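Spelled out, the chains give:
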Amino acid sequence: MDAAQAPRIGRVFALIDGNSFYCSCERAFAPALNGRPVIVLSNNDGCAVARTPEAKALGIAMGAPFFKIRDLCRKNQVAVFSSNYTLYGDMSSRMNEIYHQFAPEVEVYSIDESFLDITGLGGGSYVAYGQQLRQTVRTWTGIPTCVGIGPTKTLAKLANRTAKNHAELNGVCDFSDLATREKYLPATSVGELWGIGGASAAKLKAIGVETVGQLRALDPKRGRQLLTVVGERTIHELNGIACLALETLPVGRKGIAVTRSFGRPVTSLVEMQQAVAAYATRAAEKLRRHGLCAVQGVVFMHTNAFNGDKWSHTSKAVEFLEPTDDTQELVAAATRAAATAWREGYRYAKAGIMLTELVPLTMAQTSLLATIDRAQRDRLNQALDAINLRFGRHTLVPAAAGLKQAWSTKFERKSPCFTTRWKELPKVAA
DNA sequence: TCTGGGGTCCTAGGACCC
DNA sequence: TCTGGGGTCCTAGGACCC
């Protein structure tokens with residue numbers, strides 16, 4: 001481990017996250033939904049990916065396919081939304097702005113979770129500080145949160161989970177406090193731990209380790225044998241030895257993927273090429289936003305794995321003579337690859353492009369054989385990005401992506417972009 | 001006939017996360 | 001009829017090199 005990355009000792013971390021985050025974003029602009037069950041669906045309105053406690057109480061599982069719970073939702077007046085990532089992303093950045101007022105260092109871990117270094121803050125009571133943070137977020141954004149506190153990130157994460165599961169904690173749990181830790185931690189089941197999924201929990205159970213208290217007492221070397229270095233680190237972190245540092249700098253992306261299910265089966269190559277062109281367009285935007293170029297990737301397509309359709313999964317690699325972030329070049333390569341991977345006579349349900357080898361723009365080597373005028377392409381792409389930023393993502397699109405896009409992913413229950421589009425600002429009557 | 005040892009790189013697959 | 005998308009990290013094993 002690098003000295004620069006080595007965790008500093010004696011830190012206190014807080015993990016704050018939004019409760020049923022996507023649902024809470026929807027409720028923030030529809031207060032009538034408070035107290036009512038709400039769920040948010042995945043892309044293509046496929047399955048439930050966020051549920052309020054009222055929805056969980058109805059038995060709606062994480063990942064439940066919507067068509068299987070549609071009747072249940074109707075009977076119980078569940079408010080059902082398509083994903084509105086523009087809204088959730090904007091709410092997320094508002095929350096992180098608040099976190100920066102409460103802590104000098106913030107790691108944005110996911111769209112709804114951030115780690116804060118709160119060492120020495122709060123004037124002696126971390127619980128009070130956590131409550132103050134929650135109240136501020138609630139007042140300024142409308143999003144309810146929970147806060148977990150601990151001397152390692154694993155303990156902070158577990159404290160956060162504990163705060164969610166025990167109403168008497170009122171949303172804040174501090175595992176830097178030994179009494180609190182010993183009250184809640186030992187009996188917690190290992191499956192609740194960050195980094196312990198179903199497979200690892202089964203391996204632990206096989207050697208008689210089912211609770212966090214038991215895992216904590218396991219020899220770290222044994223943990224490594226069983227669960228690789230991840231298991232070893234978890235044991236150390238449970239014992240208060242920090243192995244994971246706060247990661248406040250953006251890390252270099254290793255890959256960029258744009259993959260989507262279709263709103264209805266695609267059975268013609270023309271439509272498949274349109275879809276892949278649209279995904280390549282989006283991938284090029286992502287590359288430019290991160291200052292990266294692609295060297296190679298893969299285009300894939302497959303049929304529905306669930307419904308008994310004839311199965312086909314094909315892919316075709318794409319390679320570039322020199323690293324590129326150019327929309328036209330990516331679209332051309334992707335549509336060519338799609339034609340190669342295409343098999344006639346199948347009902348395709350999904351396709352995508354994955355760029356697997358990336359280099360920073362500044363390190364991109366140019367080829368002597370290249371025939372493209374880079375400077376001209378760069379100006380064109382900059383203009384494209386500027387126009388789409390100002391007037392909305394799909395204002396200017398490559399013709400290859402098609403204009404009708406009858407295959408496009410379903411979002412039939414999407415709420416407005418309340419905070420990011422002038423036309424969709426919420427209206428208030430007084 | 002006897003046939004070493006140590007290193008790197010790459011890839012596929014598993015597991016996990018939100 | 002209808003079942004998401006986008007990531008990361010780790011390990012084992014093979015290819016290859018000297």
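See the structure printed just above.
Residues numbered from 1 in each chain as written. Chains lettered and ligands numbered in written order. Predicted model: local features only at pLDDT ≥ 70, side-chain atom pairs only at ≥ 80, totals over all residues. Heavy atoms only, no water.

A. Layout of the packing of helix α1 (residues 21-28) against helix α4 (residues 85-102). α4 packs onto α1 with a crossing angle of 90° between their chain directions and a minimal axis gap of 10 Å. Classified by the angle between their axes, α1 and α4 sit roughly perpendicular to one another. Touching F21, Y22, C25, E26 and A28 of α1 are Y85, L87, Y88, M91, S92 and M95, all from α4. Tallied by class, the residues present in the contact of α1 with α4 amount to nine nonpolar, one polar and one charged. (Axes fitted to C-alpha atoms, helices over the stretch in contact; angles between N-to-C directions. Helix = DSSP H or I, 4+ residues; strand = E, 2+ residues; numbered from the N terminus. Parallel < 35°, antiparallel > 145°, perpendicular 65-115°, else oblique. Contact = heavy atoms within 4.5 Å. Nonpolar A, V, L, I, M, F, W, Y, C, P; charged D, E, K, R; others polar.)

B. Spotlight on the protein's contact with DNA strand C. The full set close to DNA strand C counts 24 residues, and S42, R253, T259, R260 and S261 are the nearest of them. Put simply, 70% of the atoms of DNA strand C that lie within 4 Å of the protein are in sugar or phosphate. R260 is positioned such that a nitrogen or oxygen atom in its side chain is 2.6 Å from a phosphate oxygen of DNA strand C. Here K350 contributes a side-chain N or O atom positioned 2.9 Å from a phosphate oxygen of DNA strand C. (Near = heavy atom within 4 Å. Polar contact = N/O pair within 3.5 Å; in protein donor to acceptor, adjacent residues only side chain to side chain.)

C. Just helix α13 (residues 374-391), in detail. The terminal C-alpha atoms of α13, which comprises 18 residues, lie 26 Å apart, in line with the 26 Å expected from a rise of 1.5 Å per residue. Among the residues of α13, R374, R377, N381, L384 and N388 are the ones counted as buried. What you see down the axis of α13 is that its buried residues fit within an arc of 85°, all on one side. Turned more than 90 degrees away from the buried face of α13 sit R379, Q382, R390 and F391, all of them exposed. Where α13 is buried, its residues touch α11 (269-289), β11 (313-324) and α12 (327-341). The distance from a side-chain oxygen at the start of α13 to the backbone nitrogen of A375 is 3.3 Å, and the residue carrying that oxygen is D373. Of the residues one or two after α13, G392 is the one with positive phi, at around 110°. (Expected span 1.5 Å × (residues − 1). Buried < 20%, exposed > 50% of the residue type's maximum accessible area, 1.4 Å probe, protein only. Arc of directions from axis to C-beta.)

D. Main features of the pattern of salt bridges. The tally for this structure, following the rule as stated, stands at 19 salt bridges. Here D309 ties to R347 by a salt bridge, and the two come within 3.0 Å at their closest N and O atoms. Taken together, the residues D309 in the loop between β10 (292-303) and β11 and R347 in the loop between α12 and β12 (348-360) connect sequence positions 38 residues apart. Ionic pairing is found between E424 and R421, a salt bridge with its closest N-O pair at 3.3 Å. What makes E424 partly exposed here is its relative accessible area of 24%. Taking the relative accessible area as the measure of exposure, R421 reaches 42% and is therefore partly exposed. A network of salt bridges, in which partner residues are shared, links K221, R224 and E232. (Salt bridge = Lys/Arg side-chain N within 4 Å of Asp/Glu carboxyl O.)

E. Summary view of unusual backbone geometry. You will see that N44, though not glycine, has its phi angle at about 65°, which is positive. Here N44 is to be found in the loop between β2 (38-41) and β3 (48-51). With a relative accessible area of 14%, N44 lands in the buried category. Positive phi outside glycine occurs at Q405, with the angle close to 50°. As for its position among the elements, Q405 is in the segment after α13. For Q405, a relative accessible area of 25% gives the class partly exposed.

F. How the structure looks around the packing of aromatic side chains. Following the criterion strictly, the structure yields 13 aromatic pairs and no others. Centroid distance F29 to F418: 4.5 Å. Interplanar angle 10°. Geometry classified as stacked. With F29 in the loop between α1 and β2 and F418 in the segment after α13, this residue pair connects regions lying 389 residues apart in the sequence. Ring centres 5.9 Å apart and planes at 75° place the aromatic pair Y109 and F115 in the edge-to-face group. These aromatic residues form a ring-pair network of at least three members: F21, Y22, Y85 and Y88. Directly above the ring of F411 sits K414, whose terminal nitrogen or CZ lies 5.7 Å from the centroid. (Phe/Tyr/Trp six-rings, centres within 6.5 Å; stacked < 30°, edge-to-face > 60°. Lys NZ or Arg CZ within 6 Å of the ring centre and 35° of its normal.)

G. Structural detail: the nonpolar core. Judged by nonpolar contacts, the single largest core of 35 residues is most densely connected at F262, M272, Y279, L287, M301, I353 and L355. Going through the elements one at a time, β9 (256-266), α11, β10, β11, α12 and β12 are the ones with two or more residues in this core. Take this core: its biggest share by element is ten residues, from α11. Discounting chain neighbours no more than four positions away, the residues touching M272 are F262, V266, M301, A338, W342, Y348 and A351. If you look at the next biggest cluster of nonpolar residues, it comprises 33 residues, including M95, V106, Y129 and F418. (Core = buried A, V, L, I, M, F, W, Y, C linked by side-chain atoms within 4.5 Å.)

H. Structural detail: the side chain of S114. Along the chain, S114 falls in strand β6 (residues 113-117). Residue S114 is classed as buried on the basis of its relative accessible area of 1%. Ignoring sequence-local partners within four residues, the contact set of S114 consists of A14, L15, I16, N96, Y99, V106, E107, V108 and Y109.

Any functional reading would require information beyond the geometric quantities listed.
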